[in-house]
Amino acid sequence: MDEVIAVTGATGRVGGRLAARLTDAGATVRALGRDAAKLAELPVPQTAQASYDDAAAMRRALTGVTTLFLCSAHEGPGRVEIHATAVDAAVEAGVRRIVYLSYLGAAPEATFTYARDHWHTEQHIRGTGLGFTFLRDSSYQSDLVAMTGDDGVLRGPAGDGRVAAVTHDDVADAAAAVLLAGPSAGHGGATYDLTGPEALTFAEVAAAIGHAAGRAVTYQPETRAEAYASRAVYGAPAWEVAGWVTSYEAVASGEMDVVSDAVHALTGHAPQSFADFLAAHPRTYRRLQG
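A brief look at the structure comes next. Sequence positions are assigned chain by chain, starting from 1 and proceeding in written order. Confidence filtering applies because this is a predicted model: local features only for residues at pLDDT of at least 70, side-chain atom pairs given and counted only at 80 or more, and all residues used for totals across whole chains, interfaces and linings. Each side-chain value is derived from all of the structure's non-hydrogen atoms; neither hydrogens nor water enter the calculation.

**Considering the pairing of strand S2 (residues 29–33)**
With five of its five residues buried, S2 lies for the most part within the structure. Where burial is concerned, the two faces of S2 agree: the one with Val29, Ala31 and Gly33 and the one with Arg30 and Leu32 are both buried. With three bridges joining them, strand S1 (residues 5–7) and S2 adopt parallel strand pairing. What sits directly across from alanine 6, in S2, is arginine 30. With helix H1 (residues 15–24) bridging S1 and its parallel neighbour S2, the resulting β-α-β unit is right-handed. Only strands that DSSP links by at least two bridges are regarded as paired with each other. Strands here are runs of E lasting at least two residues and helices are runs of H or I lasting at least four, both read from the DSSP assignment and numbered beginning at the N terminus. With four bridges joining them, S2 and strand S3 (residues 46–49) adopt parallel strand pairing. Bridge pairing in S3 links alanine 31 to threonine 47. The buried label goes to any residue with under 20% of its type's maximum accessible area, the exposed label to any with over 50%, and the partly exposed label to all in between, with areas taken from a 1.4 Å probe on protein chains only. Every crossover in which the path from the first strand over the helix to the second runs clockwise, viewed with the strands pointing away from the viewer, is termed right-handed.

Structure, rendered in structure tokens:
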């Protein structure tokens, strides 16, 4: 059977980049997503509309697919069960390999609550007997900019911890390398940490954003109580606020202080530094320029 690669989340920040890279490389790609209109805009011949929680739709979308790139679903209660539905549908459809976009430090007792979901999803995939590769990406560099307030203050309980954030482009490049190499290329059963080239404190992150934006940007450490209080104004559900706060606490605990050579090893190029990302993407911080 010829290799057919399904890319879920194909209208998203990683999936869209990945589907384009695979198509440009000559792979047979089937782009999956929930929004038919957005799927129609992709430069991919094959598309299929399906949601992870719709087992029948996922089975139809994955029939004839040999390898599935599974991008994690949006955060929320029941996300592990939603992932499991998609994985089980892949098994029933005859998929042979799953490449799952997980998260750095995924573990059952991870400080970051969402990272626990990723670990449980990994375990479910392991239990299927399919071939698998796990790509555990760090925080995204663009998200660090988005976390900075319009007042030029980056707030959170990250302490003096460090994070080696990565770009969406580097993650897509690494995923493309694994997928294009094929199921017999030595990636089976492997777990790769995808990070940027250096681990920065939030004070250093703020300083880099300020340098790029041409204004003062600072980091304001918060206690857990202060972090919950400052985010209460958004009216978000408790599980979501916990995810926001614990993402910083995972940095403080040292769980995000990981610098890996996996991007370079898989792609042949070094991952982009935060300073270079900022220089190349001024739109990400334009709102901070006043």
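There's plenty left to go through after this.
**A look at the sheet that holds S2**
Spatial strand order, S3-S2-S1-S4-S5-S6-S9: seven strands in an open sheet with parallel pairing. If you trace the sheet from one side to the other, it starts and ends with S3 and strand S9 (191–194), each paired once. Shown here is a sheet whose adjacent strand axes are inclined to one another by a mean of 20 degrees, direction ignored. As defined by bridge partners, strand S6 (residues 131–137) adjoins S9 across four bridges and the pair is classed as parallel. Directly across from leucine 135, in S9, lies its bridge partner tyrosine 192. Sitting on the sheet, H1 is in contact with S1, S2 and strand S4 (67–71), with an inclination near 155 degrees to S1. A fitted line through C-alpha atoms represents every axis, and for helices the fit uses only the stretch in contact; the resulting angles, taken between N-to-C directions, go from 0 to 180 degrees. By definition in these notes, contact holds between two residues if any of their heavy atoms fall within 4.5 Å.

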